[in-house]
Every structure is written in structure tokens, then in C-alpha cells.
Number of protein chains: 4
Amino acid sequence: MAFTVSSALDLVQSAIRVGAERGIQVAAAVVDAGGRLLASARSENSGFVNLTIAERKAVAAINFKAPTHGVLDMIKADPILLGAVTTEPSLCVLPGGFPIVVSGVVVGALGLAGGHYMQDQAVGEEVLKMGPKG
Amino acid sequence: MAFTVSSALDLVQSAIRVGAERGIQVAAAVVDAGGRLLASARSENSGFVNLTIAERKAVAAINFKAPTHGVLDMIKADPILLGAVTTEPSLCVLPGGFPIVVSGVVVGALGLAGGHYMQDQAVGEEVLKMGPKG
Amino acid sequence: MAFTVSSALDLVQSAIRVGAERGIQVAAAVVDAGGRLLASARSENSGFVNLTIAERKAVAAINFKAPTHGVLDMIKADPILLGAVTTEPSLCVLPGGFPIVVSGVVVGALGLAGGHYMQDQAVGEEVLKMGPKG
Amino acid sequence: MAFTVSSALDLVQSAIRVGAERGIQVAAAVVDAGGRLLASARSENSGFVNLTIAERKAVAAINFKAPTHGVLDMIKADPILLGAVTTEPSLCVLPGGFPIVVSGVVVGALGLAGGHYMQDQAVGEEVLKMGPKG
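All values derive from a computational prediction rather than experimental measurement.

Conventions we followed
Residues numbered from 1 in each chain as written. Chains lettered and ligands numbered in written order. Predicted model: local features only at pLDDT ≥ 70, side-chain atom pairs only at ≥ 80, totals over all residues. Heavy atoms only, no water. Least-squares fit on C-alpha atoms with pLDDT ≥ 70 in both. Contact = heavy atoms within 4.5 Å. Helix = DSSP H or I, 4+ residues; strand = E, 2+ residues; numbered from the N terminus. Buried < 20%, exposed > 50% of the residue type's maximum accessible area, 1.4 Å probe, protein only. Buried area = accessible area lost by both parts, 1.4 Å probe. Salt bridge = Lys/Arg side-chain N within 4 Å of Asp/Glu carboxyl O. Polar contact = N/O pair within 3.5 Å; in protein donor to acceptor, adjacent residues only side chain to side chain. Nonpolar A, V, L, I, M, F, W, Y, C, P; charged D, E, K, R; others polar. Pairing = 2+ DSSP bridges. Axes fitted to C-alpha atoms, helices over the stretch in contact; angles between N-to-C directions. Parallel < 35°, antiparallel > 145°, perpendicular 65-115°, else oblique. Left-handed = near helix turned anticlockwise from the far one by under 90°. Expected span 1.5 Å × (residues − 1). Patch = residues over 30% accessible without salt bridge, like charges linked within 9 Å, V, L, I, M, F, W, Y side chains within 5 Å. Areas by Shrake-Rupley, 256 points an atom, 1.4 Å probe, with all protein chains shown as cover.

Asker: Residues and numbers for the relation of the copies chain B and chain A, please.
Answerer: The operation relating chain B to chain A is a screw motion whose rotation component is 179°, with 0.1 Å of axial translation and a residual RMSD of 0.2 Å. The two molecules are tied by a two-fold rotation axis, judged by turn and shift. Scanning chain B for the C-alpha nearest the rotation axis identifies B:Ser40, at a separation of 2.6 Å. A symmetric contact is evident, with 100% of the interface residues of chain B recurring at the interface of chain A.

Below, the structure is given as C-alpha cells:
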């Protein structure tokens, strides 16, 4: 199933709006099933590096086909594995990265950064609950 | 003057819509005055490298504070200079990059890729004529 | 507000001089509001990587709009977050990075490296107390 | 012979000042004998990529122990060689890079960018004629 740029932009805009409602300056990125950027944006008050981090979280989520907080939970007890994964420049497994599932198929991933990672995760969960048209 | 993510997303969405009306699968990127990505998106049918090219055109436009087709016109008669500029990995001076001017101040830049560069330029000119709320 | 190269060079030179008075071989970098290098220099006896570190501290300070020691204080109790931030190649949150504020506006950032990070922080605080013309 | 940061900063400042007198927004970089950055600055009106280009010209000058315009003259008739050198990301052989010679010894190099390369070369020649204390 193709995931459209329109849906990707909906998710990015929802993420920035939900973040703003909570006082968080969000950066959000959506990648396709190949881990390639489809849409991204950051609040003009969000540091520019946040957009890089958001994309890395999305890439991690599509790579592992799992939310980054789940990946982190699986590896955090093993310092060797944790060290290897957290120093891989293409990925970021801090909470805030989520596969996007449509009709049971992983079609892409959403990454968020800008708040504390627990906030990023909460914003992402709310955004994905609303669906792409939220 | 701050350039908002909302205006940046308006430009990106207009670019994709205007491109689609012309049968072009556009990738579009908006950077702030410091050349840092604010918003970007590509049609799901546009090659993923197009988004990189779009961002490089936007960075070139903000760096030179001139449209990329103007920069190219100034350097294209000199193969040495052309070679140097076209191999600089942070920039792309193919037509399709434009400074964004608000109240006489350059607040950012828009870059487009995905069609022939003459099409990218034409789409960008139409988008900027409509203004950020187009 | 524009931050001039002349002010940026004043800060860099003050940093090297204050460092030398304390026996520290300082590298110093000033970036503009977009996190782009405006001026940099290192003592000829300071390792060349120090200049890279100084720039990364300045980029971190402008990205977070906070001194790097403040950023570090917020994240150092959380090894996961600390690991993620300290492996981000564009940033360095070791003490010694400072936003430069003129008339209440963050116009750029100063980063210092070359001594122990507590020394880098102390030199930077003295330099910024003197102001750009110090 | 050690080349001091003070001499390097003198050259950088002279380059910016001489450029300004000619209406050119100069970026200038000085590297040491190992090709490592010692000092750099750009006019606040000079595009940020110019500083990267200036450093690459300085690295080319120290690598070849010759001015970049001389290197270019030697290779420009050979498209294979020209292509190879001009696509090497660490170097830029456009005119405007110069070895710095003290008492017959190459101690570093100066690179300039921001104007047309013939202007960059002319500014550099004037700066080096004045010597580091100019």
C-alpha cells in the first residue's frame, strides 16, 4: 500500500500542533517503507538539530519495524548492544519513533523530537491514535 | 522577522499541488535564514534523492541570497567555476531555488526538484507569486 | 539584529588571550543565529580537533538556546539521553558553549575547548562578561 | 618555524578589511603546515558556504605547496585530471589559495572566497604582500 505525502504531512502537522498545545516545540519527520524522508517540519522555535533526531527516530522505527521505546527496552540492559546501536549515526532509539501501520502493513514511520523523550513519545502516541487525517 | 513553520508548510504543500497539476512529482524544501531545514515533503512518486536536491537548492538560494537560476547564469560561461560550484555537496545551483523575501528581508529559501529544472523553476515562481498562504 | 564578524573576532581573540593568561591553549568558535561559523581560531599549541569541538559546543548552545553546562545538567542523570546527545556528531554539550545575547536576543553562540571543560566554561564566562569589545 | 594564531588572525582580518574596501564580502581561512584550521572568519554578509570554500582553497595550497591558481593552470588542460581534482571534497583549486612562506619555509596557507575568484586572488595577493602584521 502506498503511503501518500498528504497523509505524511497530516501526521507532521498534527505532531507540531499537539506539541504546541502541550508547550513543546516539536520537530517531526515521516519516512516511507524504505526509510526515506517523505515529509518533515519543525516549529520555528525548535532547534534545527531536532529535525535530524526526529528523522533518525523514524528511520530506527522503520528499520526495526517497532517503536523506538520498544527497541530501547529490549537493548538497554546490554551495554555492548546499547553502545553499538546508540552510536549508529543513521538511527536514534530514544522514545518518539513509531512505525505507521495501515491495514496491518507497515507503510512508513513517524519520528518526533523537541521535548523530553517521554513527551515526544506521548505526542506521537496521540497523533497516531488520531490517524493520518487527525 | 521570524518565518513560521506554518508558512513554510504552506509553501511546500503549494509546490507539491502546483507540480501535480502540471504532471510533475515535486519534492520541496524550505530552509530558514540560517540555511536550516524548516519543512520539506515530496510526492510519494518522487524519487527520494529529489528531496536532498530540493534542500541543496534552498541552501544555495539562501547562501547566495539569489535564485539559483540567477547564480547559474552568472557562472555557467566559466567551466572552472561551474565545476567548482556544482561539485560543492552542500549546494545545488540548478534552477528551482528561491530566496523567500518578506517585507524586504530574506527570511528563508524554497527549493524544488522532481521535474526538469525549467519546470522546477516555473513551479517555484508560481508558488512564490501566490505567497505563503497560497 | 545582525551580529558582526568584528564582534565575533573580538570574542575569539579574548578567549585565546584569557586562556593564555591561565595557561590554557584555547580553541574558540563563534556561530551566527543559524549555527553557521562566523569566526574561529585556536592557539597554535592547541590540538586541531579542539577547534571542531569548540564549534560543536557553539552549535549546541545555539540549538538549545542555553549554555552547554546547563544542557548537560538537565540530561546527565539519564544515561540513555546522555548517550544519545553525546553521540550526535553536530553537537557537543560539554561545558564551554554559550549563547551570545544582545539586547535580549540570541544572535549567536560562542564555543571554547582546549582546557578541561571546567576551565573552558570559566574562560567563556569571563570573556562574555567583558562583552564583544573586551 | 611555528606560525602563530596571532599572525593567522592578522591575515584573516586583513583579508576581510581589504575585501570590504573593494566591496567584496570575504570569507578567509588560515591553515597550518598540517592543513589544519588555525583561524577563520567571514563577513556577516558573506554566505556561510564561502567559509568552507576558503578553507578548502587553503588546504589545496598547503597540500600542493603552491597557489591554487598555479595548480589550476597546470591541470586545466587535462579534463580527466581537472575532473578528479575538482571533485575531491577536501580541496578547492579555484584561485584564492596561497601558501604562507616565512623565511623560505611554507608554514601554512591562506584561502579566500566570497568574490569572483579573480577578486579573491587579488585580495589574497594584496594581503600577503602586507605580511602577517598588515
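Asker: Provide a residue-level description of the side chain of A:Ser43, including the pertinent values.
Answerer: Residue placement: A:Ser43 occurs in the loop between strand 2 (37–42) and helix 2 (49–64). Accessibility expressed as a relative area gives 6% for A:Ser43, which makes it buried. If we skip the residues at most four places from it in the chain, A:Ser43 touches A:Ile16, A:Gln25, A:Val26 and B:Val5.

Asker: Please provide a residue-by-residue account of the interface of chain D and chain C, values included.
Answerer: Listed by partner, the interface residues are 18 residues for chain D and 18 residues for chain C. On the chain D side of the contact with chain C, D:Leu9, D:Arg42 and D:Glu44 bury the most area, a combined 31% of that side's loss. The tally of links from chain D across to chain C stands at two salt bridges. Among the ionic pairs, C:Asp32 bridges to D:Arg42, the shortest N-O distance being 2.9 Å. Viewed at the interface, chain C and chain D are joined by 11 residue pairs in polar contact (both at pLDDT 80 or more). Counting residues per element, the ones that place at least two in the side of chain D that touches chain C are helix 1 (5–21) and strand 2 (37–42) of chain D. The leading source of residues in the side of chain D that touches chain C is strand 2 of chain D, at six residues. Of the residues belonging to the side of chain D that touches chain C, the class tally is 10 nonpolar, four polar and four charged. With three bridges joining them, strand 2 (residues 37–42) of chain C and strand 2 of chain D adopt antiparallel strand pairing.

Asker: Any chance you could break down the packing of helix 1 (residues 5–21) of chain A against helix 5 (residues 117–130) of chain A for me, citing the residues and the numbers?
Answerer: Residue and element names in this part refer to chain A. At a minimum axis separation of 9 Å, helix 1 and helix 5 run at an interaxial angle of 130°. Of the possible angle classes, the one that applies to helix 1 and helix 5 is oblique. The interaxial crossing formed by helix 1 with helix 5 has right-handed handedness. Seen from helix 1, the contacting residues are Leu11, Ser14, Ala15, Arg17, Val18 and Gly19; seen from helix 5, they are Val123, Glu126, Val127, Leu128 and Met130. Looking at the contact of helix 1 with helix 5, its residues break down into seven nonpolar, two polar and two charged.

Asker: Report on the sheet that holds strand 1 (residues 27–32) of chain A, specifying residues and quantitative values.
Answerer: Across the sheet, eight strands lie side by side as 3(A)-4(A)-1(A)-2(A)-2(B)-1(B)-4(B)-3(B); this open sheet has antiparallel pairing. The sheet is open, and its two borders are formed by strand 3 (97–102) of chain A together with strand 3 (97–102) of chain B, each paired with just one other strand. Direction aside, the axes of adjacent strands within the sheet are offset by 20° on average. With respect to the sheet, helix 2 (residues 49–64) of chain B is in contact with strand 2 of chain A together with strand 1 (27–32), strand 2 (37–42), strand 3 and strand 4 (105–113) of chain B, its orientation differing from that of strand 4 of chain B by roughly 150°. Set on the sheet, helix 5 (residues 117–130) of chain B makes contact with strand 3 and strand 4 of chain B; between it and strand 3 of chain B the angle comes to about 10°.

Asker: An account of the relation of the copies chain D and chain C is requested, with residue identities and associated values reported.
Answerer: Once turned by 179° and shifted 0.1 Å along the axis, chain D lies on chain C with an RMSD of 0.2 Å. Interface overlap between copies is the fraction of interface residues in one copy that are interface residues in the other; for chain D against chain C it reaches 100%, indicating a shared surface.

Asker: Could you give an account of helix 1 (residues 5–21) of chain C, naming the residues involved and the relevant values?
Answerer: With 17 residues, helix 1 of chain C should cover 24 Å at 1.5 Å per step; its first-to-last C-alpha distance of 24 Å lies within 8% of that length. Three or more residues of helix 1 of chain C are buried, namely C:Val5, C:Ser7, C:Ala8, C:Leu9, C:Leu11, C:Val12, C:Ser14, C:Ala15, C:Ile16, C:Val18 and C:Gly19.

Asker: Summarise the environment of B:Glu55; cite the residues concerned and give the values.
Answerer: All names here are of chain B. One can find glutamate 55 in helix 2. Overall, glutamate 55 belongs to the partly exposed group, its relative accessible area being 30%. Residues glutamate 55 and alanine 28, spaced 27 residues apart in sequence, show a C-alpha to C-alpha distance of 7.3 Å. Apart from the residues lying within four places of it in its own chain, the contact partners of glutamate 55 are Ala29, Val31 and Leu37.

Asker: Tell me about a nonpolar patch on the surface, and please be specific about residues and values.
Answerer: A cluster of nonpolar side chains, B:Leu94, B:Tyr117 and B:Met118, forms an exposed patch at the surface whose accessible area comes to about 260 Å². Overall, B:Met118 belongs to the partly exposed group, its relative accessible area being 47%.

Asker: Give me the lowdown on the interface of chain B and chain A, citing residues and values where you can.
Answerer: Counting residues at the interface gives 18 residues for chain B and 18 residues for chain A. Roughly 1600 Å² of surface becomes buried between chain B and chain A when both sides are summed, with 61% attributable to carbon and sulfur atoms. Area buried by chain B at its contact with chain A is led by B:Leu9, B:Arg42 and B:Glu44, which between them contribute 31% of it. There are two salt bridges connecting chain B and chain A. Connecting chain B to chain A are 10 residue pairs in polar contact (both at pLDDT 80 or more). Counting residues per element, the ones that place at least two in the side of chain B that touches chain A are helix 1 (5–21) and strand 2 of chain B. In terms of residues, the side of chain B that touches chain A owes the most to one element, strand 2 of chain B, which gives six residues. By residue class, the composition of the side of chain B that touches chain A is 10 nonpolar, four polar and four charged.

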